[in-house]
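A look at the structure
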Amino acid sequence: MRPVQAPDLSAREVYALCISKTLPKVKARLKALEEDVVKAADKFEAAASTVALHALAELKTNPSDEADRVQLTKNYTQRLANKDHPAREIYDELKIAGRLCPLCAHRDVETLDHQLPKSLYPLLAVVPSNLVPACRSCNTLKSDADPKGSFDQTLHPYFDDISKEQWLFARVHEVAPACVSFYVKPPESWDEVLTARVHWHFQMFGLAELYGNQAGRAMTSLRYVLKRKAPSTIPTYLKDEADGGADEDPNAWKTAMFQALASSSWYINGGFALE
Ligand SMILES: [Zn+2]
């Protein structure tokens, strides 16, 4: 859940590049849809910035012609994402905008995810603001999810920024071997829609499990580090790690893990060593 700078690309220019190498008959069909694509892009951007993607239902039936819908979808699968097509440079440009997948903030970017699925919204298949850099797992987990209301809209990295305030926390399970679990605790400034969306996002992408597994591995290594330290230095060591992490990213799983460990007297006083 990291913000990403929105791409400085117009829907019209990307669409034009995608249809540039098509056969004359296909090109004519797609050219006739260009204005609909540009209008759909404008509607999408207005809706994404007001958490109203669920109100774009009319785009699902446009165009109604199945052959048009197939060609619009091919703009992505056979043109934008095709390594031998000139539009591929746009795909690569969108991909490298995020180093880490902004949806899970953990794995590397490997693909592009459609914020609204191309299978249901073919007019948005190659609209840049609908294409988000993502890891393959997040892309697969989200699949063709289609929001029904404001509350089930996963965060959009170009439009939503929750990186400034801490919302990710962890708690220690004080039984051997020690482990932590992660949860969302919304800051007071969030309204109920944002709160619900972040919970939804957290659940959709399986972040409690992803972060829990990472923390489990990190804590196995940490056990050996802590066993070699003087007991009196352990609280400061854990707090320094938590504070350093919070400076860098208050919502990194490692930050939440060290905060939780630093505040558990059970862990500090020998719980860490129990296997
Ligand atoms: Zn991811």
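Notes on the structure follow. These numbers were taken from a predicted model, which means no experiment stands behind them.

Quick word on the coordination of the zinc ion
- Coordination sphere of the zinc ion, protein contribution only: C101 (SG), C104 (SG), C135 (SG) and C138 (SG), at 2.3 to 2.4 Å.
- Site description for the zinc ion: donor spacing in sequence, C-x2-C-x30-C-x2-C. Both residues of the pair, C135 and C138, count as buried.

Quick word on the packing of helix α2 (residues 24-31) against helix α4 (residues 66-80)
- In contact at an axis separation of 10 Å, α2 and α4 are set at 105° when each is read in the N-to-C sense. One element, α2, and the other, α4, form an angle in the roughly perpendicular class. On α4, the residues that touch V26, R29 and L30 of α2 are A67, D68, Q71, L72, N75 and R79.

Regarding the environment of T233
- Tracing the chain through its elements places T233 in the loop between α8 (207-227) and α9 (234-248).
- Sequence separation between T233 and G245 is twelve residues, and the spatial gap between their C-alpha atoms is 18 Å.

Overview of the nonpolar core
- The biggest cluster of nonpolar side chains holds 79 residues, and the ones touching the most others in it are L80, V180, F182 and M257.
- Here the element with the most residues in this core is α8; it accounts for eight residues.
- Both of domain 1 (11-142) and domain 2 (168-273) provide at least three residues apiece to this core.
- Other than its neighbours up to four places away in sequence, F182 contacts L168, F169, A170, F202, A208, Y211, G212, A215, W253, A256 and M257.

Thresholds applied
- Residues numbered from 1 in each chain as written.
- Predicted model: local features only at pLDDT ≥ 70, side-chain atom pairs only at ≥ 80, totals over all residues.
- Heavy atoms only, no water.
- Donors = N, O, S within 2.8 Å, 3.2 Å for Na, K, Ca; no water.
- Buried < 20%, exposed > 50% of the residue type's maximum accessible area, 1.4 Å probe, protein only.
- Axes fitted to C-alpha atoms, helices over the stretch in contact; angles between N-to-C directions.
- Helix = DSSP H or I, 4+ residues; strand = E, 2+ residues; numbered from the N terminus.
- Parallel < 35°, antiparallel > 145°, perpendicular 65-115°, else oblique.
- Contact = heavy atoms within 4.5 Å.
- Core = buried A, V, L, I, M, F, W, Y, C linked by side-chain atoms within 4.5 Å.
- Domains from an automatic or database assignment.

Note that every value here comes from positions in space, so none of it alone points to a role or purpose.
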